[in-house]
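Spelled out, the chains give:
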Amino acid sequence: MSAGPATVPHTWRPFGARLVGTVLGVMLLVLVLVVWIALGADTRAKFTGFQEGTLVFLGLIALGVWFALMRSRVTAHETGVTVVNGYKRRDYDWSQIIGVNLRRGAPWAGIDLSDGTSISALAIQGSDGERAKRAVADLRRLVAENTTIERPE
């Protein structure tokens, strides 16, 4: 928990999803290892190299998904905002961001851009409750503080 409003630079990361992903991942790894050992040497010897390779490959895919979740973040800095969703990184100037929202029941926050598009911010998970609402409020405030609107004279 932060002591006050976020200041630049500041990074938001998902909390609940990272915690659950880590705990369940460790539990799954322990379960697989216990079952593998419990099978006994005779049964393990019947596995072909291809079958063992397939198990390792599936494990690596699971690790890749977990690591992508761990990488997810939104960082506000002096020149703008960096959004990392999994393995995709996007950098935006403050002037490109026109809104930040977290709709009721939405899985994560959305960022509205000046070109009419929107992007998801996986780092701000709706399941994080008040933490997510605070993150959206802080990011909205930072956008307002760092965006200058040019008005015609």
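Refer to the preceding data block for the structure.
Computed from a predicted structure; not experimentally measured. (Residues numbered from 1 in each chain as written. Predicted model: local features only at pLDDT ≥ 70, side-chain atom pairs only at ≥ 80, totals over all residues. Heavy atoms only, no water.)

## Quick notes on unusual backbone geometry
- Here Val8 and Pro9 are connected by a cis peptide whose omega angle stands at -5 degrees.
- Inspection of the secondary structure puts Pro9 in the segment before strand S1 (10–12). (Helix = DSSP H or I, 4+ residues; strand = E, 2+ residues; numbered from the N terminus.)

## Some details on the packing of aromatic side chains
- Across all of its chains, the model carries 2 aromatic pairs by this definition.
- Pairing Trp36 with Phe47 gives two aromatic rings, centres 5.0 Å apart and planes at 65 degrees, and the pair type is edge-to-face. You can see Trp36 sitting in helix H1 (residues 16–38) and its partner Phe47 sitting in the loop between helix H2 (40–45) and helix H3 (49–71), a full 11 residues away along the chain.
- Looking at Phe47, the relative accessible area reads 27%, which means it is partly exposed. (Phe/Tyr/Trp six-rings, centres within 6.5 Å; stacked < 30°, edge-to-face > 60°. Buried < 20%, exposed > 50% of the residue type's maximum accessible area, 1.4 Å probe, protein only.)

## Re the sheet that holds S1
- Taken together, 4 strands build an open sheet; the order of strands is S1-S2-S3-S4 and the sheet is antiparallel. Here the strands that pair on one side only, and so sit at the sheet edges, are S1 and strand S4 (88–93). Strand-to-strand, the axes of this sheet are offset by a mean angle of 15 degrees, without reference to chain direction.
- Where S1 meets strand S2 (residues 73–77), 3 bridges bridge the pair, whose relative direction is antiparallel. Note that in S2 the partner of His10 across the bridge is Ala76. (Pairing = 2+ DSSP bridges. Axes fitted to C-alpha atoms, helices over the stretch in contact; angles between N-to-C directions.)

## Structural notes on the side chain of Asp128
- By the secondary structure assignment, Asp128 is in the loop between strand S7 (118–125) and helix H4 (130–146).
- Those residues in contact with Asp128 that lie beyond four places of it in its chain are Pro14, Phe15, Gly16 and Ala17. (Contact = heavy atoms within 4.5 Å.)

## A short note on the pattern of salt bridges
- Enumeration according to the criterion identifies 3 salt bridges in this entry.
- Across the pair Glu130 and Lys133 runs a salt bridge whose closest N-O atoms are separated by 3.5 Å. With Glu130 and Lys133 both in helix H4 and 3 residues apart, the pair spans about one turn of that helix. The pair formed by Glu130 and Lys133 is uniform in burial state, with each residue classed as exposed. (Salt bridge = Lys/Arg side-chain N within 4 Å of Asp/Glu carboxyl O.)

Any functional reading would require information beyond the geometric quantities listed.
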